[in-house]
Each structure stands twice: as structure tokens, then as C-alpha cells.
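So the chains spell out like this:
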Amino acid sequence: MAWFTRDKPSVNPEEGGRRVRTEGLWLKCEHCGQIIWRKALEDNLQVCPKCEHHYRIDARSRLSLLFDDGRYQEFDQKMTSTDPLNFVDSKTYKARLGAMQKSTELRDAIISASGKLHGRLVNICALELKFIGGSMGTVVGEIITRAIERSMEHNIPLIVISASGGARMQEGAVSLMQLAKISAALMRLDNAKVPYISVLTDPTTGGVTASFAMLGDLNIAEPGALIGFAGPRVIEQTIRQKLPDGFQTSEFLLQHGFLDAVVKRSEMKEYLDKSLKFFLV
């Protein structure tokens, strides 16, 4: 058998009497195509050290990055959907929820928490994209509304980190009601003069964009995030025109006045701290 047709083990030669595995140590950046050492990516907060492409991270990772020492108290952890429509597609909605709860160890697509950000007490809600695309149903709507009410009651700033495909279709009009519900609660928060900062990450689309994600006193986003209501392919097919380069990216939206800032992940905590100091002077 020729040497180039033999199966080769995915390990280095023996070193010090043991075999060193190399599988998974390197990956190819999905944006620039460069080969990255996985440890370097992790140390850089899941941002490509070559091109600064921001990879998606989960809700718990975001909370750990923002809260001092990664410490926080969670709220409303046991809330779960009642499946108001008894929805069935390729599987029942209840079965889909059960599978998501098992894989993510969350009851729904959000974590609501309170802790300190540079010594200041804040409430942060972070959406979990891995849970049915971070979609907003009754539970997400109720948990965000309760976080808003806690912020009003205790005069604590609110930060919501969005990563979502929009309203959850399995709950139909009941999920769409959450847009108005959260928006009305945010108006009361504004009347109480309590700061609300919206952080948009990749992707933030649909009903989430059409409601609380764009209603912050300050709307900021991570670099390269997809942000919009309908997807670009749907828009192109509807208007029968080619969309401009970079359409619906955070940089495009900043240029056209839909965002207040685009902030790197490594600078997000400092930026939020400075913004809250400005609001609370």
C-alpha cells in the first residue's frame, strides 16, 4: 500500500512515552479563512485574532463577561411555556421544548440576572440563540417584563442582550403580543427615568428587532452582527432589487442612524460602564 493512501492517526509522534492528540486544536475562521489556534480564539473571547470576526457565544458566557467576577443572581428560572396552541409540526412543540431544555439546561431562551458591573448593580437579560433560535414566546416576554418591573421598583439600570430569530411561531399571536407588552413596560421604565441599554448581537431579527431591541436609551451592537426585521433574501425578492453591500450589518445600521455605536466584545463592559455613568450623573 502506498504511503499516501494509508490511514494516518490524528496524533503527534509519541512524546515522553505518551501520545499527544491534535484533533480540534485548530480551526478555520469562517470569515477570513485563516487557520486559528482554538486556545487563542478562546483567550480572545471567541473573536478571531486575525480579522476580529465575532463568533456567537451563549447567554451564560455573555453574563460572565459583563458581571464582576462572573457572579450574578438568576430570576424566574423555572418558568416554562404551557404550549397555548398545542402546536405540532415535524414534532410536537412540547417535545421540541423538552429537547431544548435538555440540551441547553435552560427552561426557555433567556437568562434574567442581577449583579454588579464595575461595582454598580444592574439587571441583565441575555437571550440564548441555541434555544429554538432565541425566539421570543410568552416566557421570554414575561421574564423581560418582570426584569423591567424590578428595575423600576429598585431604580436599577436594565441591559438586554439580544440574539434571536424573532417571535416564536409555535405560539402564534400569543408570542406577537409580547412585542406590545414589553414595549409598554419599557415606556413605564422610561417615565421612571431608569436607564435601559439594548445590546444587539448576531443575529437580531424579526419581532425582537421590531420591539425591545431597538427601544433602548442607547442601542449598541457587536461588529458584523446581522440586524433587521425580514431577511435580506426576502427583501430582495419583494422589491426586486439588489441590496447594497453590508446591508443589515451593524456597521451599515450605524452609518444610517439606526444604532448609536458598534462596540467590540472586549470593550463592551467598559463601554456599558461609561454609558451608565453618563445616564446616572
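The model shown is predicted, which means the values in this text are computed figures rather than measured ones.

A. Examining the overall build of the chain more closely. Secondary structure assignment for the chain yields nine helices and nine strands. Seen through its principal axes, the chain has C-alpha atoms that stretch 75 × 50 × 45 Å. Partitioning the contacts of the chain with sequence separation of at least 6, the portion at a separation of at least 24 is 65%. As displayed, the chain offers around 15,400 Å² of accessible surface, 53% of which is attributable to carbon and sulfur atoms. Where the 36 positive side-chain charges of the chain centre and where its 33 negative ones centre are 3 Å apart.

B. Local environment of the environment of V194. Mapped onto the elements, V194 comes out in the loop between α5 (172–191) and β7 (196–204). In this structure V194 comes out as buried when scored by relative accessible area, which is 3%. Separated by 46 residues in the primary sequence, V194 and I148 place their C-alpha atoms 9.4 Å from one another. Every residue in contact with V194, bar those within four places of it in the chain, is listed here: S151, M152, N155, I156, P157, L189 and D217.

C. Geometry of the packing of aromatic side chains. Tallied over the full model, the rule gives three aromatic pairs. Ring geometry for F247 against F252: centres 5.5 Å apart, planes inclined by 70°, an arrangement best described as edge-to-face. Classification of F247 by relative accessible area gives partly exposed; the value is 24%. Here the basic side chain of R150 rests over the ring of F75, its NZ or CZ set 4.0 Å away from the ring centre.

D. Representation of the environment of D245 within the structure. Looking at the secondary structure, you find D245 in the loop between α7 (232–239) and α8 (250–255). Here the alpha-carbon distance between D245 and M177, two residues 68 residues apart in the chain, equals 34 Å.

E. Molecular detail of the sheet that holds strand β4 (residues 110–117). In spatial order, the strands read β3-β4-β5-β6-β7-β8-β9; together these seven strands make up an open sheet with mixed pairing. Strands at the two margins of the open sheet, each flanked by one partner only, are β3 (73–75) and β9 (261–262). As judged from the two bridges shared by strand β8 (residues 218–221) and β9, these two strands associate in the parallel manner. Bridging from a neighbouring strand, I220 pairs with A261 of β9.

F. Up close: the side chain of R168. With respect to the element layout, R168 can be found in the loop between β6 (158–164) and α5. Judged by relative accessible area, R168 falls into the buried class, the value being 1%. If we ignore the near neighbours within four places in the chain, the residues touching R168 are Y93, L97, D108, A109, F131, I132, S135, M136, G137 and S175.

G. A look at helix α2 (residues 59–66). Every buried residue of α2 is listed here: A59, R62, L63 and L66. Viewed end-on, α2 has its buried residues packed into an arc of 100°, placing them on one side of the element. Turning to α2, the residues buried within the fold contact β4, β5 (120–127), β6, β7 and α9 (268–279). The N-capping residue of α2, defined by a side-chain oxygen 3.3 Å from the backbone nitrogen of R60, is D58.

H. Representation of a nonpolar patch on the surface in the model. A grouping of L25, W26, I35 and W37 is seen on the molecular surface, where their side chains present a nonpolar patch of about 440 Å² in accessible area. One can find W26 in strand β1 (residues 26–28). Among the residues examined, W26 registers a relative accessible area of 54% and is labelled exposed.

Calculation rules
- Residues numbered from 1 in each chain as written.
- Predicted model: local features only at pLDDT ≥ 70, side-chain atom pairs only at ≥ 80, totals over all residues.
- Heavy atoms only, no water.
- Helix = DSSP H or I, 4+ residues; strand = E, 2+ residues; numbered from the N terminus.
- Contact = heavy atoms within 4.5 Å.
- Areas by Shrake-Rupley, 256 points an atom, 1.4 Å probe, with all protein chains shown as cover.
- Lys, Arg positive; Asp, Glu negative; His and termini not counted.
- Charge placed at Lys NZ, Arg CZ, Asp CG, Glu CD.
- Buried < 20%, exposed > 50% of the residue type's maximum accessible area, 1.4 Å probe, protein only.
- Phe/Tyr/Trp six-rings, centres within 6.5 Å; stacked < 30°, edge-to-face > 60°.
- Lys NZ or Arg CZ within 6 Å of the ring centre and 35° of its normal.
- Pairing = 2+ DSSP bridges.
- Arc of directions from axis to C-beta.
- Polar contact = N/O pair within 3.5 Å; in protein donor to acceptor, adjacent residues only side chain to side chain.
- Patch = residues over 30% accessible without salt bridge, like charges linked within 9 Å, V, L, I, M, F, W, Y side chains within 5 Å.
- Salt bridge = Lys/Arg side-chain N within 4 Å of Asp/Glu carboxyl O.

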